[in-house]
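Summary of structural features
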Amino acid sequence: MQQRSAERDFSAYNQAQRGRPVRPVARRAVDIVLAREHAAPPVAVELGSGAGVEARFLAESSFHVHAIDGDPSVEQLLEALGESHGISPVIADLGTLEALPAADLVLSCATLPFVRQEAFTPLWETMREALRPGGVLAVDLFGEHDDWAGTEGTYLARAEVDALLEGLEVLELTEEERDGRSFAGPKHWHTFQVIARRPV
Ligand SMILES: C[S@@+](CC[C@H](N)C(=O)[O-])C[C@H]1O[C@@H](n2cnc3c(N)ncnc32)[C@H](O)[C@@H]1O
């Protein structure tokens, strides 16, 4: 049984992520942001940056990156990336964030489902407020049929996902259900992958 999120230990997961390829959703989101001209380097906020694979890619793609994660075991790693790549690391619980820097990209891979339900709605509002006009939101969400639904976190029905995206231009919305594996073992996945843009 998956643990309550306060008890989940992401450090082993994050250590195992070092050296893996950049997630394709991050590459597609970057292409969309960089297709527009920016007077200054674009800004990205990454929620749940883990081992920093995507944060590093964003920095190498000319973004200034705010990389936020709650796992203390990645603090040194993010600080090292901060020094080598100009990334601003923040170790914080996403459920306590009251504001985010204005951003051209808000990215969150495989993280938002672990945010407690009561904290998710305010966090989502904060993420949307951070988006500059034309800014892109690229996120993974989990659905109500996911094996982990019912544990602490946020697991959504399709209609709830649609409601979250109201007022945004939805560029990609892929809902998937499949049997597979997680870091913890076999699992039924119900996921939504979203790329959406704040209208200019
Ligand atoms: C499954 S990992 C994904 C990491 C990375 N985005 C990736 O795709 O490999 C989830 C990440 O979210 C972080 N996380 C989960 N819940 C969090 C919370 N409430 N506040 C801050 N970080 C959290 C964990 O520490 C972990 O690094």
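For clarity, every value in this text was computed on a predicted model and none was experimentally measured.

1. Description of the site of the ligand
As a matter of local geometry, the ligand sits amid 18 residues, with Arg20, Arg23, Gly48, Asp69 and Leu94 nearest to it. At a separation of 3.4 Å, an oxygen atom of the ligand approaches a polar side-chain atom of Tyr13. Here Asp93 contributes a side-chain N or O atom positioned 3.0 Å from a nitrogen atom of the ligand. Protein chains bury 93% of the 590 Å² of accessible surface belonging to the ligand in isolation. Each residue belonging to the shell around the ligand can be placed in one class, and the counts come to 7 nonpolar, 6 polar and 5 charged.

2. Overview of unusual backbone geometry
In this structure, Ser62 takes a positive phi of about 90° despite not being glycine. With respect to the helices and strands, Ser62 occurs in the loop between α3 (53-60) and β2 (64-69). Among the residues examined, Ser62 registers a relative accessible area of 41% and is labelled partly exposed. With a phi close to 55°, Ala110 is a non-glycine residue in the positive phi region. Among the secondary structure elements, Ala110 is positioned in the loop between β4 (103-108) and α5 (117-130). Residue classification places Ala110 among the partly exposed positions, given a relative accessible area of 29%.

3. Thoughts on α3
The buried count for α3 comes to 6 of 8 residues, which makes it a mostly enclosed element. Elements in contact with the buried residues of α3: α1 (11-17), α2 (24-34), β1 (43-47), β2, α4 (75-85) and β4. With its phi angle positive at about 90°, Ser62 sits one or two positions after the end of α3.

4. Thoughts on the packing of aromatic side chains
Evaluated as defined, the whole model comprises 9 aromatic pairs. Centre to centre, the rings of Phe114 and Phe142 are 6.1 Å apart; their planes meet at 75°, and the pair counts as edge-to-face. Of this pair, Phe114 sits in the loop between β4 and α5 while Phe142 sits in strand β5 (residues 131-143); the two residues are 28 residues apart in sequence, bridging distant segments of the chain. Looking at Phe114, the relative accessible area reads 13%, which means it is buried.

5. Thoughts on the nonpolar core
Core analysis: the biggest nonpolar cluster contains 30 residues, and Leu47, Leu112, Trp124, Met127 and Leu141 have the highest contact counts within it. For this core, the secondary-structure elements that each account for two or more residues are β1, β4, α5, β5, α6 (158-164) and β8 (185-197). Counting residues per element, this core draws most heavily on α5, which supplies 6 residues. Each residue touching Met127, except ones within four places of it in the same chain, is listed here: Leu47, Leu100, Val106, Leu112, Leu137 and Val139. Val25, Ala44, Val53 and Val136 belong to the second-largest nonpolar core, a separate cluster that totals 25 residues.

6. Some details on the packing of α2 against α3
For the pair α2 and α3, the least separation of the axes is 11 Å and the interaxial angle reads 25°. Judged by the inter-axis angle, α2 sits roughly parallel to α3. Crossing handedness for the pair α2 and α3: right-handed. Here α2 contributes Ala26, Arg27 and Val30 to the contact with α3, which in turn contributes Glu54, Phe57 and Leu58. A class-by-class count of the residues in the contact of α2 with α3 yields 4 nonpolar, no polar and 2 charged.

7. A short note on the UniProt feature "domain: Methyltransferase" (unreviewed entry) in the protein chain
Mapped onto this structure's residue numbering, the UniProt feature "domain: Methyltransferase" (unreviewed entry) falls at residues 45-135. Here residues 45-135 is 36% helix and 26% strand, with 11 Å between the C-alpha atoms at its ends.

8. What about the pattern of salt bridges?
Counted by the stated rule, this structure contains 11 salt bridges. A salt bridge links Arg28 to Glu172; the shortest N-O distance between them is 2.8 Å. On the criterion of sequence distance, the pair formed by Arg28 in helix α2 and Glu172 in strand β7 (residues 169-182) is long-range, its members being 144 residues apart. Look at Arg28 and you get partly exposed, because its relative accessible area is 30%. Looking at Glu172, the relative accessible area reads 21%, which means it is partly exposed. One salt bridge in this structure joins Arg158 and Glu175, with 3.4 Å as the shortest N-O distance. Taken together, the residues Arg158 in helix α6 and Glu175 in strand β7 connect sequence positions 17 residues apart.

Procedures and definitions
- Residues numbered from 1 in each chain as written.
- Predicted model: local features only at pLDDT ≥ 70, side-chain atom pairs only at ≥ 80, totals over all residues.
- Heavy atoms only, no water.
- Near = heavy atom within 4 Å.
- Polar contact = N/O pair within 3.5 Å; in protein donor to acceptor, adjacent residues only side chain to side chain.
- Areas by Shrake-Rupley, 256 points an atom, 1.4 Å probe, with all protein chains shown as cover.
- Nonpolar A, V, L, I, M, F, W, Y, C, P; charged D, E, K, R; others polar.
- Helix = DSSP H or I, 4+ residues; strand = E, 2+ residues; numbered from the N terminus.
- Buried < 20%, exposed > 50% of the residue type's maximum accessible area, 1.4 Å probe, protein only.
- Contact = heavy atoms within 4.5 Å.
- Phe/Tyr/Trp six-rings, centres within 6.5 Å; stacked < 30°, edge-to-face > 60°.
- Core = buried A, V, L, I, M, F, W, Y, C linked by side-chain atoms within 4.5 Å.
- Axes fitted to C-alpha atoms, helices over the stretch in contact; angles between N-to-C directions.
- Parallel < 35°, antiparallel > 145°, perpendicular 65-115°, else oblique.
- Left-handed = near helix turned anticlockwise from the far one by under 90°.
- UniProt positions renumbered as here; feature names shortened; annotations may be inferred.
- Salt bridge = Lys/Arg side-chain N within 4 Å of Asp/Glu carboxyl O.

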